[in-house]
Each structure stands twice: as structure tokens, then as C-alpha cells.
Amino acid sequence: MVTLAEVAQHAGVSASTVSYVLSGKRSISANTRQRVERSIRELGYHPNAGARALASSKSNIIALMIPLRTDMYVPVMMEIAIAVATSARTHGYDVLLLTGEEGPDAVRRVAGSGLADGMILMDVELDDERLPLLRATDQPSVLIGLPADTTGLTCVDLDFRATGALCVEHLAKQGHQDIAVIGEAPAVYERHTGFAERTLEGLRSRSREMGVRLLHRPCEGGYDAMAVTLARILDERPGTSGIIVQNESAVEPLLALLRQQGRAVPEDVSVVAICPDQVATQASVRLTSVAIPAPEMGRHAVEHLVAKLEGRGSDEVVLIAPELTVRASTGPAPSRS
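Keep in mind that what you see is a predicted model, and the values were worked out from it rather than measured.

### Considerations on the overall build of the protein chain
Here is step 1 of the chain: Along the backbone of the protein chain there are 14 helices and 12 strands.
Here is step 2 of the chain: Over its C-alpha trace the protein chain gives a radius of gyration of 25 Å, far above what one expects of a compact globule, namely 20 Å for 337 residues.
Here is step 3 of the chain: Each principal axis of the C-alpha atoms in the protein chain carries an extent, and together these give about 90 × 40 × 30 Å.
Here is step 4 of the chain: Within the protein chain, the proportion of its 337 residues that are buried is 50%.
Here is step 5 of the chain: Of all intrachain contacts in the protein chain linking residues separated by at least 6 positions in sequence, the fraction that spans at least 24 positions is 71%.
Here is step 6 of the chain: Carbon together with sulfur atoms contributes 50% to the accessible area of the protein chain, which is approximately 15,600 Å² in total.
Here is step 7 of the chain: Across the protein chain, the mean location of the 33 positive side-chain charges is 5 Å away from that of the 41 negative side-chain charges.

### Considering the environment of Asp-127
Here is step 1 of the chain: Relative to the helices and strands, Asp-127 is located in the loop between β3 (118-121) and α7 (131-136).
Here is step 2 of the chain: Residues Asp-127 and Asp-149, 22 residues apart in the sequence, show an inter-C-alpha distance of 7.9 Å.

### Topic: the sheet that holds strand β12 (residues 324-325)
Here is step 1 of the chain: Ordered in space as β7-β6-β8-β9-β10-β12, the six strands form an open sheet in which the pairing is mixed. The outermost strands of the open sheet, each flanked by one partner alone, are β7 (213-218) and β12.
Here is step 2 of the chain: Where strand β6 (residues 178-183) meets strand β8 (residues 242-245), four bridges bridge the pair, whose relative direction is parallel. When the bridges of β8 are listed, Ile-179 appears paired with Gly-242.
Here is step 3 of the chain: Here helix α8 (residues 160-173) sits on the sheet and contacts β6, β7, β8, β9 (270-274), β10 (288-290) and β12; the angle it forms with β9, its principal contact strand, is near 165°.
Here is step 4 of the chain: Helix α12 (residues 251-260) rests against β6, β8 and β9 of the sheet, and its axis sits at about 160° to β8.

### Notes on the domain arrangement of the protein chain
Here is step 1 of the chain: Each assigned domain of the protein chain is listed here: domain 1 (4-47), domain 2 (61-158 + 294-320) and domain 3 (160-292).
Here is step 2 of the chain: Relative to domain 3, the C-alpha centre of domain 1 lies at a distance of 60 Å.

### Digging into the nonpolar core
Here is step 1 of the chain: Membership of the largest hydrophobic core comes to 46 residues, with the highest contact counts inside it found for Ile-80, Ile-120, Ile-144 and Ile-244.
Here is step 2 of the chain: In this structure, this core is formed jointly by two domains, domain 2 (61-158 + 294-320) and domain 3 (160-292), each of which donates at least three residues.

### Some words on the state of the cysteines
Here is step 1 of the chain: Using the criterion set out here, one finds zero disulfides in the structure.
Here is step 2 of the chain: For Cys-219, which is in no disulfide, the shortest distance to another cysteine sulfur is to Cys-275 and amounts to 15 Å.
Here is step 3 of the chain: Classification of Cys-219 by relative accessible area gives buried; the value is 1%.

### Here's the deal with the environment of Ile-144
Here is step 1 of the chain: Within the element layout of this structure, Ile-144 appears in strand β4 (residues 141-144).
Here is step 2 of the chain: For the pair formed by Ile-144 and Ser-59, sequence separation is 85 residues and the distance between their alpha carbons is 22 Å.

### Section: the packing of helix α11 (residues 223-236) against α12
Here is step 1 of the chain: Relative to each other, α11 and α12 sit at 55°, their axes nearing to 9 Å. As judged from the angle between their axes, α11 and α12 are oblique. Between α11 and α12 lies a crossing whose hand is right-handed. Residue-level contacts link Tyr-223, Met-226, Ala-227 and Leu-230 of α11 to Pro-253, Leu-254, Leu-257, Leu-258 and Gln-260 of α12.
Here is step 2 of the chain: The residue inventory of the contact of α11 with α12, partitioned by class, reads eight nonpolar, one polar and no charged.

Reading the values: rules and limits
Residues numbered from 1 in each chain as written. Predicted model: local features only at pLDDT ≥ 70, side-chain atom pairs only at ≥ 80, totals over all residues. Heavy atoms only, no water. Helix = DSSP H or I, 4+ residues; strand = E, 2+ residues; numbered from the N terminus. Rg over C-alpha atoms; globule rule 2.2 N^0.38 Å. Buried < 20%, exposed > 50% of the residue type's maximum accessible area, 1.4 Å probe, protein only. Contact = heavy atoms within 4.5 Å. Areas by Shrake-Rupley, 256 points an atom, 1.4 Å probe, with all protein chains shown as cover. Lys, Arg positive; Asp, Glu negative; His and termini not counted. Charge placed at Lys NZ, Arg CZ, Asp CG, Glu CD. Pairing = 2+ DSSP bridges. Axes fitted to C-alpha atoms, helices over the stretch in contact; angles between N-to-C directions. Domains from an automatic or database assignment. Core = buried A, V, L, I, M, F, W, Y, C linked by side-chain atoms within 4.5 Å. Disulfide = S-S within 2.5 Å. Parallel < 35°, antiparallel > 145°, perpendicular 65-115°, else oblique. Left-handed = near helix turned anticlockwise from the far one by under 90°. Nonpolar A, V, L, I, M, F, W, Y, C, P; charged D, E, K, R; others polar.

Okay, here's the thing in C-alpha cells:
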């Protein structure tokens with residue numbers, strides 16, 4: 001490995017001058033800085049991360065807290081994580097991934113240890129227990145998700161309330177009067193996870209405004225759970241002609257069960273999904289859907305955190321407007337005759 005002393009010798013300067021160029025702690029002439037930087041490139045020198053952190057009080061690491069729960073659709077979470085890591089790298093940061101369900105302890109550990117320069121938190125609940133500690137620390141942070149109270153926080157998310165409203169509006173305009181919502185697993189609502197609760201708010205609000213009946217039923221996902229949920233929906237609301245799905249694991253079981261019951265999509269039942277485009281386009285019926293903009297969410301979160309780290313950012317809420325793409329799974333409501 002190339003050492004700092006070898007860079008200094010190659011550039012014809014002292015080792016301390018190389019250190020000052022790397023840390024930025026002292027003013028160095030442009031000519032000397034260029035000479036040192038050229039030597040660093042030519043020799044392929046990489047400063048020791050630990051030593052650099054001690055010298056500059058910076059780790060150049062972003063902590064990403066992403067609890068991986070069994071009731072969440074992990075591919076979406078990981079797509080956001082990849083977007084965070086990719087975007088962070090373009091700004092010169094690496095990402096420390098924390099996947100445990102540690103809650104406030106994880107925030108306390110990162111903030112108190114100097115492990116990272118800033119934090120990005122995912123899987124945000126309406127009354128997230130991590131937030132009081134987050135507000136109390138000076139360490140910059142961004143949430144991917146929206147709590148009930150956003151005071152003193154920077155948040156990035158899809159506008160899930162508008163997403164729910166958009167799905168209802170699409171079906172209602174097609175003449176559907178009885179709409180069922182197949183939601184996330186019950187535990188997601190028991191935790192009052194922000195995205196699920198806000199989607200439900202939008203669904204219910206727009207249903208009232210448009211005069212349609214709405215039935216919401218959580219579902220664990222998988223064939224057996226979906227069979228029970230669908231049977232319950234059709235028993236309680238036999239006239240259901242529109243279904244909104246916010247549960248990726250339930251999409252294909254739902255379509256299979258509708259086929260088995262002789263219910264054609266979209267002639268008998270229209271289906272709208274809130275899911276990644278890949279899930280919608282690869283389903284057995286190409287689904288009308290609102291996409292989860294995972295890359296955009298991850299990129300926005302990093303950009304806002306980097307702005308804070310550089311002293312340019314301020315607390316704000318960034319909501320990404322939903323876009324509904326019409327495909328083969330929705331059409332006019334069937335005649336009630």
C-alpha cells in the first residue's frame with residue numbers, strides 16, 4: 001500500500017503538507033495542492049479511513065436504518081437502500097446499513113459513537129419512538145417516511161395520501177361503486193406505519209367525496225391468507241367490482257383466485273395496485289398501478305442529508321406526487337343487471 005510519506009516524497013513536499021491537503025485544515029497554495037493531488041492520483045493513494053476520521057472529525061459515512069421486518073416487502077426496501085448507497089457514493093460517502101429493530105438504541109449508538117456523519121431512517125411510524133432522540137441530537141438526519149408530527153425534521157416520501165385518493169378516483173370514474181382495499185399485513189397497521197396509514201386516509205377521504213363504498217381488509221399475503229381475505233370481502237360486499245391492492249405479496253394470489261372463481265379481470269373485477277412497476281408489469285394481468293418511486297426517494301434523501309452536512313440544508317417535507325399508469329387490469333364497472 002502507498003503511504004502518506006511516499007506521496008509527500010513524490011510531490012516534493014512534507015508529509016504534513018499532504019495531510020493538510022487531505023484534511024483541508026490549513027490553506028495550501030493552489031500550485032502545491034495540485035501537485036499533491038496529482039501525486040495521489042498517480043500513486044493510487046487511499047487515506048486510511050480511521051486516521052482520516054480522527055484527523056477531520058468526519059467519517060464520510062451515512063448510517064441507513066432500515067429494519068427488515070417479515071411483514072414488509074423487502075425488495076422495495078432494498079431498492080431504496082441501493083439508491084441511497086449509489087447516490088451517497090457520488091457525494092463521496094459510504095453507507096453503513098443497520099437492519100435490526102433497535103429503535104432509539106440505534107439512533108443513540110450512531111449519534112454517540114461518531115460512526116457516521118448523518119443518518120437516514122426508514123420504516124417510519126406515525127408516532128415513531130426514534131424521533132424524540134433524533135430531535136435532541138445535533139447530528140443531521142433525514143426520514144424516508146412521514147410521521148404525524150414533522151416539526152424539526154426533514155422527510156422524503158411518496159405522497160401516499162394522494163396515492164390512495166388517485167386509486168379511488170380512477171375506479172370511481174369507471175363507474176365502480178363498491179371498492180375493496182386489500183392492505184398490508186395487520187402488524188403494519190398495528191404499528192401505525194406512516195405510509196399505510198396515510199394511504200388509508202386518502203382512500204377513505206376520496207371515497208366519501210365521490211360517494212363510493214369502501215371496504216378495507218388487511219392481509220398477510222400469500223395464497224392461503226388471500227383466499228380467506230377475498231372470501232370475506234365477497235361475503236360482506238358481494239357487489240364489489242373494484243379492488244385496490246397495497247400488498248405486493250397478495251397480488252398474484254389475488255389474480256389466481258379471481259380466475260379460479262370465474263371472475264375476469266377487468267370485465268368483472270378491476271384491480272389497481274400500489275407497487276413497484278416490476279410487480280405490476282410482470283403480473284399475470286398487467287396491472288394498472290401507482291409506482292413506488294424507490295430510486296427517487298433514495299436520491300432525494302441523500303441530497304437533502306448532504307446539504308445539511310454541508311450547512312446548506314433546512315428542515316422540510318418533500319412529497320413526491322403519485323403517477324397512475326393505466327394497464328390491462330381496469331375498465332368500466334360491469335352492468336348491475
